[in-house]
Amino acid sequence: MQLGEANAASGMAVHDDCKLKFLELKAKRTYRFIVYKIEEKQKQVVVEKVGEPTQSYEDFTACLPANECRYAVYDFDFLTAENVPKSRIFFVAWSPDTSRVRNKMIYASSKDRFKRELDGIQIELQATDASEMDLDVFKSRAN
């Protein structure tokens, strides 16, 4: 039975808005971050929340639920060792230890297909708690 659930889960559709908002983040920097959610009943990935360019990393992490999985994209600005401003687009697979097993399975089985829809992801992070995606992790992975 569980195998069937995983196969059904990997057949998630991706709402057009997911790609459109990502392109706006990538090309126009319209957003600082996008949080995506799988709607199990509709069997599709949808945009749950977008963050304005002025919003902070703390605003981003506050949007991730403590006990449910999400996908997210974060546009991370940083300075290189030579003081050159740069940015990297991170894909975050948020899968907290406290989320339900079925929830984790659905997100895990759909992740690669969903990520392929977002052309321009530079770095992927998988996190099961806040410490695995704190600002220092972003900084060390961005360089």
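- An unreviewed UniProt entry lists the chain under the name Actin depolymerizing factor 1, with Actinidia rufa as the source organism.
- On record in UniProt, under Sequence similarities (unreviewed entry), the comment for the chain is "Belongs to the actin-binding proteins ADF family."

Quick word on the pairing of strand β3 (residues 44-51)
Item 1. One ladder, built from two bridges, connects strand β1 (residues 13-14) with β3; its direction is parallel. What sits directly across from V14, in β3, is V45.
Item 2. Note that strand β2 (residues 33-39) and β3 share seven bridges and pair antiparallel. By the bridge assignment, Y36 is partnered in β3 with V47.

Thoughts on the side chain of Q44
Item 1. Of note, Q44 is situated in strand β3.
Item 2. Apart from residues no more than four positions distant in its own chain, Q44 is found in contact with M12, A13, H15, K37, I38 and E39.

Regarding the pairing of strand β6 (residues 123-127)
Item 1. Counted residue by residue, β6 has four buried out of five residues, so it is predominantly covered.
Item 2. Pairing between strand β5 (residues 85-94) and β6: five bridges, direction parallel. In the sheet register, V92 faces β6, and the bridge partner there is L125.
Item 3. Crossover β5 to β6 through helix α4 (residues 101-117) is right-handed.

Looking at the pattern of salt bridges
Item 1. With the rule as written, the count across this model stands at 12 salt bridges.
Item 2. Of the charged contacts in the structure, one is a salt bridge between D77 and R29, with a shortest N-O distance of 2.5 Å. With D77 in strand β4 (residues 70-79) and R29 in the loop between α2 (16-28) and β2, this residue pair connects regions lying 48 residues apart in the sequence.
Item 3. For R29, a relative accessible area of 37% gives the class partly exposed.

The rules we used
One numbering rule holds for all chains: residues counted from 1, following each sequence as written. Reporting in this predicted model follows two pLDDT cut-offs: at least 70 for local features of residues, and 80 or more for side-chain atom pairs to be given and counted; totals over whole chains, interfaces and linings ignore these cut-offs and use all residues. Just so you know, side-chain values use all the structure's heavy atoms and leave hydrogens and water out. UniProt positions are given in the numbering used here, feature names are shortened, and annotations may be inferred rather than shown by experiment. Strand pairing is defined by DSSP finding a minimum of two bridges between the two strands. Numbered from the N terminus, helices here are DSSP runs of H or I no shorter than four residues, and strands are runs of E no shorter than two. The contact definition used throughout considers only heavy atoms, calling two residues in contact when any of these lie within 4.5 Å. Think of it in three bands: with a 1.4 Å probe and only protein chains considered, a residue is buried below 20% of the maximum accessible area for its type, exposed above 50%, and partly exposed in between. Viewed with both strands pointing away, a crossover whose connecting path from the first strand over the helix to the second turns clockwise is right-handed. Here a salt bridge means any side-chain nitrogen of Lys or Arg lying within 4 Å of a carboxyl oxygen belonging to Asp or Glu.

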